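# Close look at the chain arrangement
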Amino acid sequence: MQSYQSRLEKEIIEHQKTVEKLNAFIKNSSEAIWCFDFEPPIPVDLPFDEQFDLSYERAYITEANDTVARMLGYEKGEELHGMRLDDFLPRTDPDCVAYMEKLVRQKFNIVDWES
């Protein structure tokens, strides 16, 4: 019978392998994949206009693959880490504004989107 500690160690190793596979999938994808976070977080129960404005004030890129980096003139996704939302999806670009409006209206849920 396996001890609790050895089972836990095995689960941790399996989890690490899964994370590594997912990271490799994202990094090597031909699709542009990125993630941004808000600091501080934005409550989703605020009025739309306030959420939209706060998104541009607080959002920054936390993850990006090389594909999206190349689309923006960079070589590696890591170069985008920390980039502010307005540098990534400029508020002066109507397509970017429409994308962010849709994102905020859908409570920051993205399913089957193309940009």
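A brief structural summary. (Residues numbered from 1 in each chain as written. Predicted model: local features only at pLDDT ≥ 70, side-chain atom pairs only at ≥ 80, totals over all residues. Heavy atoms only, no water.)

### A short note on the overall build of the protein chain
Helix and strand counts for the protein chain stand at five helices and two strands. Moving toward the C terminus, one meets the helices and strands of the protein chain in the order α-β-α-β-α-α-α. Taken over C-alpha atoms, the radius of gyration comes to 18 Å for the protein chain, far larger than the 13 Å a tight globule of 115 residues would show. C-alpha atoms of the protein chain, sized along the principal axes, occupy 60 × 35 × 25 Å. For the protein chain, the residues scored as buried account for 28% of the 115 residues in total. For the protein chain, contacts bridging at least 24 residues in sequence account for 51% of all contacts bridging at least 6. When the accessible surface of the protein chain is split by element, carbon and sulfur atoms take 52% of a total near 8300 Å². Where the 13 positive side-chain charges of the protein chain centre and where its 24 negative ones centre are 7 Å apart. (Helix = DSSP H or I, 4+ residues; strand = E, 2+ residues; numbered from the N terminus. Rg over C-alpha atoms; globule rule 2.2 N^0.38 Å. Buried < 20%, exposed > 50% of the residue type's maximum accessible area, 1.4 Å probe, protein only. Contact = heavy atoms within 4.5 Å. Areas by Shrake-Rupley, 256 points an atom, 1.4 Å probe, with all protein chains shown as cover. Lys, Arg positive; Asp, Glu negative; His and termini not counted. Charge placed at Lys NZ, Arg CZ, Asp CG, Glu CD.)

### A short note on a nonpolar patch on the surface
On the surface, Tyr4, Leu8 and Ile12 cluster together into a nonpolar patch covering about 310 Å² of accessible area. Turning to its location among the elements, leucine 8 is positioned in helix H1 (residues 4–28). (Patch = residues over 30% accessible without salt bridge, like charges linked within 9 Å, V, L, I, M, F, W, Y side chains within 5 Å. Salt bridge = Lys/Arg side-chain N within 4 Å of Asp/Glu carboxyl O.)

### Quick notes on the side chain of glutamine 51
Mapped onto the elements, glutamine 51 comes out in helix H2 (residues 48–58). Given the relative accessible area of 2%, glutamine 51 is considered buried. There is a polar contact of 3.0 Å between the side chain of glutamine 51 and the backbone oxygen of valine 44. Leave out the neighbours within four places in its chain, and glutamine 51 touches Ile42, Pro43, Val44, Asp45, Leu46, Val104, Lys107 and Phe108. (Polar contact = N/O pair within 3.5 Å; in protein donor to acceptor, adjacent residues only side chain to side chain.)

### Let's talk about the side chain of serine 29
As for its position among the elements, serine 29 is in the loop between H1 and strand S1 (34–38). Reaching out from serine 29, the side chain makes a polar contact with the backbone nitrogen of glutamate 31 at a distance of 3.0 Å. Other than its neighbours up to four places away in sequence, serine 29 contacts Asn65 and Thr67.

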